[in-house]
Amino acid sequence: MLALVMLINRAGSMVLPFLGVYMTAHLHFSIENSGVVLSFFGIGSVLGSWLGGMITDKIGEYRVQSLSLLLSVPLFCMIPVFTTEVGLAGIILAQSIVSETFRPANSVAITKYARPENITRAFSLNRMAVNLGFSIGPALGGILSAISYEFLFYSNALAALIAGITYIVFFKKRNTLALRKAQNMKKSTVHVKEGSPYRDGKFLLYCFFCMLFAICFFQLFSTLTIFYKDTAHLSQEHIGYLLGYSGFLIVLLEMAFVQIAEKYFTLGITMLVGTLLCGFSYAMLAFDYTMLTLLISMTMLCVGEIWTLPFMSTITALRSGSNNKGAYMGLNGISFSIAFIVTPYVGTLIAEKLGFKVLWLGTGTLAALIAVAFYFIVPWMLSEKKSKEEAD
C-alpha cells in the first residue's frame, strides 16, 4: 500500500521534468535564469528533508506523510499564477519544502513495515512504484503541455490529493496498532541513546559522495530535457515518451536486477557498477545524439539507477539505529536535495558557456571517480557498524 500511494502520487509527477522547458519555451526565461529558479527546488528539498527527518522521529511518519501530501495540493495549484523569476522561485521553494518532508517519513515507514531480510526489495518495490508513476506522468505530461502547461500543475495537485486520502484511509488504523506495539516493546526493553548522523563522520563522507552522484544523475531532470529539445531537436511529446520509457523499463527490470545484485554482488560492487553505468550513459551523449543513441543511453542510465538508488537507502538504514532512522534518512535526503540546488545552475551554466559536450564528458568522469569511492567507503562504513553491534 505504501508503494500504491507512491504510485498515485508520482503518476502526477509531470511538473519537474518539464519545468526547464516550461520556463524557457513558455515563460521565455534564459537557460541560465531557468537553472537559478530550478535551484530553489533544491533549496526547498534540503529544508524539507531536514525538517521531515527531524519531525518524523518526533511525531511519527504517519502524520508527516499525511500533512505533506495534503498541503502539496494548494501549492501545486498556485504555481501557474507566478510568471516572474522571483515569484516562480518562491512558490517552487514553498512547494518543495512541503513535498520533500514526505521522503524521509516514507523511508522510515518502509523500514517499519518491511521484514529486515526484505528491506532492499521493499525499497525497490517502492521505487518501482515511483518509476511506474514516472513512466505515466511525463508521457502524459508531454501531451498535456502541448495543449496547456496548467494541466501539468493541476494534475499534480489531483494526484497528491488522491494519494493523501488513500494513505490516510488505509494506514490510520494500522499506524495506531503499530504505535501500541512499539510502546509495549519500549516498556520491556532498555532504551539506548543513539547518536546523531550529523556527528557520524563516515556517514557524512558517504552522504557527500551520494550528493556528488546525485549531481551527475539529476541532469535527467534539468539539462537533459533541454539537451533533448535544443540539441537533439525532439518534440515535447517525444521527450515525454523517452522519459516514460525510462520509467517503464525500470518497472520491468528493477526487482529482478536487485535480486541479482543481492545474490551475486556485494554492496560495494553493486554501487561501483551502477555508478559507472550512469556516468557512461551521459558521457556517450558527447559523441552522438541520434534516437538510437538516446535510447541506449537511457537504458544504461536506468540499469545504473537500479543498482544505486535503492541500495543507497538500504545502506542508510543499515548504518542507522532503531530510534534515529528518520534523522539518518533525512540527512541522506539532504545530500540529494543539495544536488537539486547545484545541478540545475551548474549544469545549465556549463551547457551555455562551454557546451553540452563538455557537460556530458565532465559528468561521466566525475561519476567514474565516485564509483571508486563507493567501492571502498561502503564496506568500510558498514563493517564498523557490524563490529560495534557484535561487541554490544
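Per chain, residues are indexed from 1 in the order of the written sequence. pLDDT decides what is reported in this predicted model: residues at 70 or higher carry local features, side-chain atom pairs at 80 or more are listed and counted, and totals for whole chains, interfaces and linings draw on all residues regardless. Computation of side-chain values: all heavy atoms of the structure, hydrogens and water removed.

Right, let's talk about the confidence of the model for the chain for a bit. The predicted model of the chain has a mean per-residue pLDDT of 83, with 88% of residues at 70 or higher. How sure the predictor is of each residue is captured by pLDDT, a score from 0 to 100. Comment: elements are numbered from the N terminus, with helices defined as DSSP H or I runs of at least four residues and strands as E runs of at least two. Helix H7 (residues 119-147) is the least confidently modelled element of the chain, averaging 73 in pLDDT, while helix H12 (residues 267-283) averages 96, the highest of any element.

The next thing to look at is the packing of helix H9 (residues 201-217) against H12. Note on definitions: angles span 0 to 180 degrees between N-to-C directions of axes, and those axes are lines fitted to C-alpha atoms, for helices only across the stretch in contact. Running from N to C, H9 and H12 cross one another at 30 degrees; their axes reach a closest spacing of 10 Å. Between H9 and H12, the interaxial angle falls into the category roughly parallel. Considering the relative orientation of H9 and H12, their crossing is left-handed. Residue-level contacts link Phe-213, Cys-216 and Phe-217 of H9 to Thr-275, Cys-278 and Tyr-282 of H12. Looking at the contact of H9 with H12, its residues break down into 5 nonpolar, 1 polar and no charged. Angle categories are assigned with fixed cut-offs, so that under 35 degrees is roughly parallel, over 145 is roughly antiparallel, 65 to 115 is roughly perpendicular, and the rest are oblique. Two helices cross in a left-handed way if the nearer one is turned anticlockwise from the farther one by less than a right angle. They cross in a right-handed way if the turn is clockwise. Contacts were defined at the residue level, with two residues in contact if any of their heavy atoms lie within 4.5 Å. Classes in brief: Ala, Val, Leu, Ile, Met, Phe, Trp, Tyr, Cys and Pro nonpolar; Asp, Glu, Lys and Arg charged; the others, Gly included, polar.

So, on to the nonpolar core. By size, the foremost hydrophobic cluster in this structure holds 85 residues, and its most contacted members are Leu-88, Tyr-206 and Phe-374. Once you skip the residues sitting within four places of it in the chain, Leu-88 turns out to touch Tyr-22, Met-23, Leu-27, Phe-29, Val-37, Ile-79 and Phe-82. What is meant by a nonpolar core is a set of buried Ala, Val, Leu, Ile, Met, Phe, Trp, Tyr and Cys residues, joined one to another through side-chain atoms within 4.5 Å. Burial classes follow relative accessibility: with a 1.4 Å probe on protein chains only, a residue under 20% of its type's maximum area counts as buried, one over 50% as exposed, and anything between as partly exposed. Core analysis: the second largest hydrophobic core is formed by 19 residues, Met-6, Ala-163, Tyr-167 and Met-329 among them.

With that settled, the discussion passes to the pattern of salt bridges. Think of a salt bridge as a Lys or Arg side-chain nitrogen and an Asp or Glu carboxyl oxygen that are within 4 Å of each other. Applying the stated rule across the entire model yields 4 salt bridges. Glu-262 serves as the salt-bridge partner of Arg-121, at 3.3 Å between the closest nitrogen and oxygen. On the criterion of sequence distance, the pair formed by Arg-121 in helix H7 and Glu-262 in helix H11 (residues 236-264) is long-range, its members being 141 residues apart. The exposure class assigned to Arg-121 is partly exposed, which follows from its relative accessible area of 28%. Among the ionic pairs, Arg-319 bridges to Asp-200, the shortest N-O distance being 2.8 Å. One end of the pair, Arg-319, is in helix H14 (residues 309-319); the other, Asp-200, is in the loop between helix H8 (150-188) and H9, and 119 residues separate them in sequence. Owing to a relative accessible area of 10%, Asp-200 belongs among the buried residues under this scheme.

This next bit is on the state of the cysteines. Throughout, disulfides are identified as pairs of cysteine sulfur atoms within 2.5 Å of each other. Under the defined criterion, the tally for this structure stands at 0 disulfides. Cys-207 carries a free sulfur, and the closest cysteine sulfur to it, the one in Cys-210, is 5.6 Å from it. With relative accessibility at 5%, the residue Cys-207 sits in the buried group. A disulfide-free cysteine, Cys-216 has its sulfur positioned 8.8 Å from the sulfur of Cys-278, the nearest such atom. The class of Cys-216 is buried, set by a relative accessible area of 5%.

On to unusual backbone geometry. Of note, the phi angle at His-28 is positive, near 60 degrees, even though the residue is not glycine. You can see His-28 is positioned in the loop between helix H2 (15-26) and helix H3 (31-59). The backbone phi angle of His-233 is positive, close to 60 degrees, even though this residue is not glycine. Along the chain, the position of His-233 falls in the loop between helix H10 (223-230) and H11.

Now for the packing of H3 against helix H15 (residues 325-353). Here H3 crosses H15 at 175 degrees, and the two axes come no closer than 7 Å. When the axes of H3 and H15 are compared, the pair comes out roughly antiparallel. Across the contact of H3 with H15, the residue classes break down as 15 nonpolar, 11 polar and 5 charged.

With 16 residues, helix H13 (residues 291-306) extends 23 Å from end C-alpha to end C-alpha; this agrees with the ideal 22 Å at 1.5 Å per step. Of all the positions in H13, only Thr-293, Leu-294, Ser-297, Met-298, Met-300, Leu-301, Cys-302, Val-303, Gly-304, Glu-305 and Ile-306 are classed as buried. An expected span of 1.5 Å times one less than the residue number is assigned to each helix.

Another aspect to go through is the environment of Pro-74. Its location among the elements puts Pro-74 in helix H4 (residues 61-78). For the pair Pro-74 and Ala-160, spaced 86 residues apart in sequence, the C-alpha separation works out to 9.8 Å.

This part is about the packing of aromatic side chains. Between the rings of Phe, Tyr and Trp (Trp by its six-membered ring), a pair exists once the centres lie within 6.5 Å; its type follows the angle of the planes, with under 30 degrees stacked, over 60 edge-to-face, and the other angles tilted. In this structure the tally under the stated criterion is 20 aromatic pairs. Taken together, a centroid distance of 5.5 Å and an interplanar angle of 35 degrees make the contact between Phe-257 and Trp-307 tilted. With a gap of 50 residues between them, Phe-257 in helix H11 and Trp-307 in the loop between H13 and H14 connect regions that are remote in the sequence. Among the residues examined, Phe-257 registers a relative accessible area of 22% and is labelled partly exposed. For Trp-307, a relative accessible area of 11% puts it in the buried group. Connected via pairs of aromatic rings, a cluster forms that spans Phe-227, Tyr-228, Tyr-282, Tyr-289, Phe-356 and Trp-360.

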